[in-house]
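Spelled out from the first residue to the last, the chains are:
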Amino acid sequence: MRLHWHRTDLRPSDNLPLSTVDSEPILPVYVFDPQILDHAAPPRIAFILDSLETLREWYRARESDLLVVRGSAPEQLARLADEYDADAASWAQAYSGLGRRRDERVQERLDAAGVESHVVHDHLHHEPGSITTNKGEPYSVYSYFWKKWRDREKRGSVPAPGADRLVSPGRDTPIPTLDDLGFETPEATVPDGGYEEARHRLNEFCSEPIYRYEETRDRPAANATSRLSPHLAHGTVGVRTLHDRVVRAREEAPDDEAREAVETFRSELAWREFYHHVLYFNPEVVTENYREYENDIEWRDDPEELQAWKDGETGYPIVDAGMRQLRAEAYMHNRVRMIVASFLTKDLLLDWREGYDWFRRKLADHNPANNNGGWQWAASTGTDAQPYFRIFNPMTQGERHDPDAEYIREYVPELRGVDPDLIHDWHNLSLTQRSRAAPDYPAPIVDHSERREAALAMFEQARGEADDG
Ligand SMILES: Cc1cc2nc3c(=O)[nH]c(=O)nc-3n(C[C@H](O)[C@H](O)[C@H](O)COP(=O)(O)OP(=O)(O)OC[C@H]3O[C@@H](n4cnc5c(N)ncnc54)[C@H](O)[C@@H]3O)c2cc1C
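Residues numbered from 1 in each chain as written. Predicted model: local features only at pLDDT ≥ 70, side-chain atom pairs only at ≥ 80, totals over all residues. Heavy atoms only, no water.

Time to look at the packing of aromatic side chains. Inspection of the entire model under this criterion finds 28 aromatic pairs. With centroids separated by 4.9 Å and ring planes inclined at 65 degrees, the aromatic side chains of Tyr30 and Phe32 adopt a geometry described as edge-to-face. We classify Tyr30 as buried; its relative accessible area is 8%. Residue classification places Phe32 among the buried residues on the basis of a relative accessible area of 2%. Put simply, the rings of Tyr142, Phe145, Trp271, Phe274 and Tyr275 pair up and form one aromatic cluster. The ring centre of Trp5 lies 4.4 Å from the NZ or CZ of Arg7, which sits over that ring. Taking NZ or CZ as reference, Lys154 lies 4.1 Å from the ring centre of Trp149, over its face. (Phe/Tyr/Trp six-rings, centres within 6.5 Å; stacked < 30°, edge-to-face > 60°. Buried < 20%, exposed > 50% of the residue type's maximum accessible area, 1.4 Å probe, protein only. Lys NZ or Arg CZ within 6 Å of the ring centre and 35° of its normal.)

Below you can see the structure in the form of structure tokens.
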């Protein structure tokens, strides 16, 4: 018998370690490990609990069950292997430094108990080290990575194991609640979890919105992206299932423009893999700058401005809308993530690690690879980052990507009755104009032009180019 340890693969089908390592009977297990929970946050746990319910239903419908236990993963897995006389265990490869160290401990513990470990690459199409420069080094520039990723053949989806291969644990282990696990109810309405929801979302997205992705993906009010990110983060959809469906959409595309839109969507999937490779080869990036500057970057320390950013009270409407969407939905649109990240690092001059940590706590889709990649890109400290002198202007960004202020007015109720022209000109209005238009909405907490100059000076100092004369 083999234990299958479900982690960020909360689905029965297209699950390589679950279905493909051998033909032994399988006992599925989920472990709530306090060491892993230490790094978790309520939105993600809520999503996981929801997903576990549907996964358990799937097993129960096949006269098996998901065994849910709490405690240290190495100890629990060794104990269950002993209790059920299992001689093997399988799980999907982790890519972060922390995850890989934990897996080594599990493997050592199982080795000692005479249990064979099958650790399988499952979350990515192409495992780290398989897409490299001609010299065999990992890429630090996305565009070259993308060309190879795009043209490389991809494995197709694999079916779920048949009911005849599943074992019943012979006892009922309830799924704990958030409270049982010591987490508060999230302030956000967390997206629905579960493999069925993921499948539904994927099919809906690929039936039509994918063909408009190119023109709509940067318009947050259009809500036109796939919203599959929490499903990819927690593995309620397999990457092969997703890709197979996207390729089918490309084959069925009505015209060249629609086909190109599908290709643009595929390029976003490649960003995800690129950042996972970066993290795999550079595990220290979760806390350290990827890019080395001559001197340390002298980030400011300003708890009040940081709090205003977290609360969506900066007086920059598009920034505040994004930060409030995050708190309300445990999600934020990609364009707006870029804008709020630029604002934190280049307008408030606060360390990207503050932003990364806030996103880690608030997003249902947080994963260290994408979250870190996004933050370090915006802060000009990452691989393939935007150059330090290209600083987003939050007013023009808002005007360009949310011209009618639909997104802004959805998340910032104080601005609901206000004309979009006034909203996009908020920083230029007089005190009287502002209090007449939206008395409860704050004035900008900083002057963008001044802070832009300060950010350039901060980076020039870090580059050893500061003019000290
Ligand atoms: C500062 C910052 C932090 C971010 N943190 C995260 C995070 O913690 N988790 C996360 O999944 N994404 C993160 N992203 C990337 C991106 O914003 C989200 O993946 C995307 O908004 C999710 O919405 P969607 O599923 O509708 O995306 P779609 O546009 O439908 O894209 C499909 C999938 O492609 C991947 N993807 C899309 N854009 C990117 C990107 N820029 N980088 C890497 N992968 C991408 C995601 O897996 C996404 O689900 C971050 C971006 C920034 C700028």
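Read on for the rest.
We now examine a negative patch on the surface. Taken together, the side chains of Glu24, Asp82, Asp85, Asp87 and Glu116 make up a negatively charged region of the molecular surface. Summarising the element assignment, Glu24 is placed in the loop between helix H1 (16-20) and strand E2 (26-32). (Patch = residues over 30% accessible without salt bridge, like charges linked within 9 Å, V, L, I, M, F, W, Y side chains within 5 Å. Areas by Shrake-Rupley, 256 points an atom, 1.4 Å probe, with all protein chains shown as cover. Salt bridge = Lys/Arg side-chain N within 4 Å of Asp/Glu carboxyl O. Lys, Arg positive; Asp, Glu negative; His and termini not counted. Charge placed at Lys NZ, Arg CZ, Asp CG, Glu CD. Helix = DSSP H or I, 4+ residues; strand = E, 2+ residues; numbered from the N terminus.)

One can find Val247 in helix H10 (residues 239-251). The sequence separation of Val247 and Arg155 amounts to 92 residues, and the corresponding C-alpha distance is 12 Å.

In total, this model carries 37 salt bridges according to the counting rule given. Between Asp302 and Arg300 there is a salt bridge, and its shortest N-O distance comes to 2.8 Å. Arg300 sits in the partly exposed class, given a relative accessible area of 28%. For Asp311, the salt bridge is made with Arg327, and the minimal N-O distance between the two is 2.6 Å. One end of the pair, Asp311, is in helix H12 (residues 303-311); the other, Arg327, is in helix H13 (residues 317-329), and 16 residues separate them in sequence. Salt bridges sharing common partners tie together Arg11, Asp14, Asp122 and Arg240.

Here we come to the site of the ligand. Not every one of the 28 residues close to the ligand is listed here, only the nearest: Tyr213, Thr225, Ser226, Arg227 and Asn334. In this structure, Tyr213 approaches the ligand through a side-chain N or O atom, which is 2.5 Å from an oxygen atom. The separation between an oxygen atom of the ligand and a polar main-chain atom of Arg227 is 2.7 Å. Looking at the shell around the ligand, the elements with two or more residues in it are helix H9 (229-234), helix H11 (256-281), helix H14 (334-347) and helix H16 (368-378). The biggest single contributor to the shell around the ligand is H11, with six residues. For the shell around the ligand, the per-class residue count stands at 14 nonpolar, nine polar and five charged. (Near = heavy atom within 4 Å. Polar contact = N/O pair within 3.5 Å; in protein donor to acceptor, adjacent residues only side chain to side chain. Nonpolar A, V, L, I, M, F, W, Y, C, P; charged D, E, K, R; others polar.)

Moving on: the domain arrangement of the protein chain. Segmenting the protein chain into domains produces domain 1 (2-122), domain 2 (195-281) and domain 3 (303-462). A separation of 27 Å is found between the C-alpha centroids of domain 1 and domain 2. The partner domain 2 presents 16 residues to the 20 residues of domain 1 that form the contact. At the boundary of domain 1 with domain 2, total buried surface from both sides reaches about 1,500 Å², with 57% on carbon and sulfur atoms. For the pair domain 1 and domain 2, the number of links is two salt bridges. When the shortest N-O distance is used, the salt bridge between Arg240 and Asp122 registers 2.6 Å. (Domains from an automatic or database assignment. Contact = heavy atoms within 4.5 Å. Buried area = accessible area lost by both parts, 1.4 Å probe.)

The next point concerns the pairing of strand E1 (residues 2-6). Across the five residues that make up E1, a large majority, five, are buried. Burial along E1 is two-sided: Arg2, His4 and His6 and Leu3 and Trp5, pointing in opposite directions, are all buried. Pairing between E1 and strand E4 (residues 88-92): three bridges, direction parallel. Of the residues in E4, the one forming a bridge with Arg2 is Ala88. (Pairing = 2+ DSSP bridges.)

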